[in-house]
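Chain residues, written in single-letter form:
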Amino acid sequence: MATRKPAPKDRPSYRCAECGWTTVKWLGRCGECQAWGTIEAYGGAPAIRTTAPGRVTTAAQRIGEVDGRQATARSTGVPELDRVLGGGLVPGAVVLLAGEPGVGKSTLLLDVAAKASSAQSPTLYITGEESASQVRLRADRIGALADHLYLAAETDLSAVLGHLDDVKPALLVLDSVQTVASPEIDGAPGGVAQIREVAGALIRASKERGMSTLLVGHVTKDGSIAGPRLLEHLVDVVLSFEGDRHARLRLIRGIKNRYGATDEVGCFELHDEGIIGLADPSGLFLTRRDEPVPGTCLTVTLEGRRPLVAEVQALTVDTQIPSPRRTTSGLENSRVSMMLAVLEQRGRIKSIGKQDIYTATVGGVKLTEPAADLAVALALASAAIDTPLPQNLVAIGEVGLAGEVRRVTGVQRRLSEAHRLGFTHALVPPDPGKVPAGMKVIEVADIGDALRALPQRTRA
């Protein structure tokens, strides 16, 4: 006698205990979060459902009739952060700020929470990583005490939503989204399912109340934002907080922004009393000397749309080992190696390939754009032949493997910034456009033309 097959509703279904992913058959590895051994049976297979048309909450309007004043940005009180956000925080916007531990995320957002609070717009600061007393000590140190700034230490999502009903804030700061969990979702705080639930609940609350929300996010070892990629899609703005913990400079870059451009960069300086914005950070990247030193060259880099004057330093030392050392700090190792090859083959500086080479930038700035190639090449050539470049000279341009100097974007903005800081001479690619009055610009077509800018005894 044939046995009866179980009905589809009687078949067991399987769910990942880590992220909540479901499947109709058991698997050793989750297809969503790729975790091993987390698939468990939990009941019948999910029934297939269809959604019927329902009542609309608000009627559709012509786009010209929609009131755009509701999306007007409000200043955070920190001009450098407003620059990156596109003018400030929009009511109902959810911003995710991610960065490495110790870079200054909590310090910056506590300062923002204090400056943005007022009697009409209170601010609620939720901390899940520290106690309330620890946050109070930091507020005393940086001067972030405000009458309308409310503080709570919570790790339960329902408690956080309860604080929203009590305080009714215009701005919510949550530090961090990985520490808050919902009791209705299985899994530890910081898991994929928990982050998805917490972020979804806070986004719904922000949109319903017209409340701006700042979420602090962790990063992985490679620097990417921890948690599911869905988190970055759900929020309105994604900011990256960068900086070397041994340097004073901190940068905020916009990765995603639904209310503005993503090519702006905010500059901050971290010190004992907190973190402050830098409207003119170029002085951090320069070394003031009375006499020029061999192996140094200045360039102008673009961080977003902001021009910054930076200094490149190089040092060459004779070595006895078969494989000379190549050490870089703040520069890409591949770009430095390319400039060494171009100088040796196209610039006819034969001794440079047999020496130990050390290259670095001043102030912790990282130069990744090709416009710094010419400055790196000239710094290496100046160090190899022990002859300094003129003290009031900047070099801008990309260098190709054939030795040609290529054009780069924003040459006029770079030259205007150099002229504002007192530089009178510049080496640039051909056809630079309008030149600031009183500045002498030398057009160089290849690396040979650039090396001729060095003093006469260099070419000898």
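Residues numbered from 1 in each chain as written. Predicted model: local features only at pLDDT ≥ 70, side-chain atom pairs only at ≥ 80, totals over all residues. Heavy atoms only, no water.

## Structural notes on the sheet that holds strand S7 (residues 171–175)
Within a sheet, each strand pairs with its neighbour through backbone hydrogen bonds, oriented either parallel or antiparallel.
Thought 1: Read across the sheet, nine strands follow the order S6-S5-S7-S8-S4-S9-S10-S11-S12 without closing on themselves; strand pairing throughout is mixed. Looking at which strands have only one partner, the edges of the open sheet turn out to be strand S6 (149–153) and strand S12 (274–277). Sheet twist, expressed as the mean angle between neighbouring strand axes with direction ignored, is 20°.
Thought 2: Bridging between S7 and strand S8 (residues 212–217) involves four bridges; their strand directions are parallel. Paired with Leu172 across the two strands is Thr213, which belongs to S8.
Thought 3: Of the strands in this sheet, strand S4 (94–99), strand S5 (123–127), S6, S7, S8, strand S9 (237–242), strand S10 (249–257), strand S11 (265–271) and S12 touch helix H2 (residues 105–116), which is tilted by about 155° from S5.
Thought 4: Here helix H3 (residues 132–142) sits on the sheet in contact with S5, S6 and S12, set at roughly 145° to S6. (Pairing = 2+ DSSP bridges. Helix = DSSP H or I, 4+ residues; strand = E, 2+ residues; numbered from the N terminus. Axes fitted to C-alpha atoms, helices over the stretch in contact; angles between N-to-C directions. Contact = heavy atoms within 4.5 Å.)

## Thoughts on helix H5 (residues 192–209)
In an α-helix there are 3.6 residues to a turn, and that puts residues three or four apart on one side.
Thought 1: In a regular helix each residue adds 1.5 Å, so 18 residues correspond to 26 Å; H5 covers 26 Å between its end C-alpha atoms and thus fits that length.
Thought 2: Where the residues of H5 are buried, they touch S4, helix H4 (157–167), S7, S8 and helix H6 (230–234).
Thought 3: Taken from the residues just after H5, Gly210 is the one with a positive phi, measuring 65°. (Expected span 1.5 Å × (residues − 1).)

## Examining unusual backbone geometry
Thought 1: With an omega dihedral of 5°, the bond running from Asp175 to Ser176 counts as a cis peptide bond.
Thought 2: Here Ser176 is to be found in the loop between S7 and H5.
Thought 3: Positive phi values are uncommon outside glycine, yet Lys168 reaches one of about 55°.
Thought 4: Following the sequence through the fold, Lys168 ends up in the loop between H4 and S7.
Thought 5: Judged by relative accessible area, Lys168 falls into the exposed class, the value being 59%.
Thought 6: Not every positive phi belongs to a glycine, and Asp431 is a case in point at roughly 60°.
Thought 7: In this fold, Asp431 is placed in the loop between strand S20 (425–428) and strand S21 (440–443). (Buried < 20%, exposed > 50% of the residue type's maximum accessible area, 1.4 Å probe, protein only.)

## As for the layout of surface pockets
Thought 1: Reported here for the largest pocket is a volume of approximately 590 Å³.
Thought 2: Taken together, 29 residues make up the lining of the largest pocket; nearest its centre are Ser240, Glu242, Gly243, Arg253 and Lys366.
Thought 3: Mapped by element, the contributors of at least two residues to the lining of the largest pocket are S4, S9, S10 and strand S13 (296–303).
Thought 4: Sorting elements by how many residues they give to the lining of the largest pocket places S10 first, with five residues.
Thought 5: When its residues are assigned to classes, the lining of the largest pocket shows twelve nonpolar, nine polar and eight charged. (1 Å grid on protein atoms, 1.4 Å probe; cavity = no way out; pocket = protein on both sides within 12 Å on 5 of 7 lines; lining within 4 Å. Points joined across faces, edges and corners; volume = space filled by probe spheres on them. Nonpolar A, V, L, I, M, F, W, Y, C, P; charged D, E, K, R; others polar.)

## What about the side chain of Thr213?
Thought 1: Relative to the helices and strands, Thr213 resides in strand S8.
Thought 2: Dropping the residues within four chain positions of it, Thr213 is found in contact with Ala93, Val94, Val95, Leu171, Leu172 and Ser206.

## A short note on the pairing of S7
Thought 1: Within S7, five of the five residues are buried, which leaves the element mostly enclosed by the surrounding structure.
Thought 2: Here S7 shows no split at all, with Leu171, Val173 and Asp175 on one side and Leu172 and Leu174 on the other all buried.
Thought 3: Here five bridges tie S5 to S7, and the two strands are oriented parallel to one another. Residue pairing across strands places Leu124 opposite Leu172, the latter belonging to S7.
Thought 4: Following the chain from S7 across H5 to the adjacent parallel S8, one finds a crossover that is right-handed. (Right-handed = clockwise from strand over helix to strand, strands pointing away.)

## Some thoughts on the nonpolar core
Thought 1: Counting 45 residues, the largest nonpolar core has Leu343, Ile352, Leu374, Leu378, Leu380, Ile447 and Leu451 as the members making the most contacts within it.
Thought 2: At the level of secondary structure, the elements contributing two or more residues to this core comprise S10, S11, strand S14 (306–318), helix H7 (333–345), helix H8 (373–384), strand S17 (393–395) and helix H10 (447–451).
Thought 3: It is H8 that provides the largest number of residues to this core, a total of ten residues.
Thought 4: In contact with Leu343, other than residues within four places in its own chain, are Arg348, Ile349, Ile352, Ala377, Leu380, Ala381, Ile447 and Leu451.
Thought 5: One finds Leu85, Ala116, Tyr125 and Ile252 within the second-largest nonpolar core, a separate group that totals 31 residues. (Core = buried A, V, L, I, M, F, W, Y, C linked by side-chain atoms within 4.5 Å.)

## Describing the confidence of the model for the protein
Thought 1: Per-chain confidence: the protein averages 88 in pLDDT, with 95% of residues scoring 70 or above.
Thought 2: Overall, residues 1–9 carries pLDDT values under 50, and its contacts beyond four positions in sequence, including any with other chains, amount to four contacts. (pLDDT = per-residue confidence, 0-100.)

## Comments concerning H3
Thought 1: Within H3 the residues assigned to the buried category are Val135, Arg138, Ala139 and Ile142. Each buried residue of H3 sits inside an arc of 105° when the element is viewed along its axis, so together they form one side.
Thought 2: Residues of H3 that are buried in the fold lie against H2, S5, S6 and S12.
Thought 3: Two residues or fewer past H3, Gly143 is found with a positive phi of approximately 70°. (Arc of directions from axis to C-beta.)

## Quick look at empty space enclosed by the protein
Thought 1: Counting across every chain of the model gives two cavities of 30 Å³ or more.
Thought 2: Forming the boundary of the largest cavity are Leu331, Glu332, Arg335, Val336, Met339, Leu367, Thr368, Glu369, Ala372, Asp373 and Val376.
Thought 3: Considering each element in turn, the lining of the largest cavity owes the most residues, three residues, to H7.
Thought 4: Its residues placed into classes, the lining of the largest cavity shows six nonpolar, one polar and four charged.
Thought 5: Of the pockets and cavities examined, the second largest cavity occupies roughly 40 Å³.
Thought 6: Every residue lining the second largest cavity is listed: Leu85, Gly88, Leu89, Val90, Ala93, Val95, Val237, Asn257 and Tyr259.

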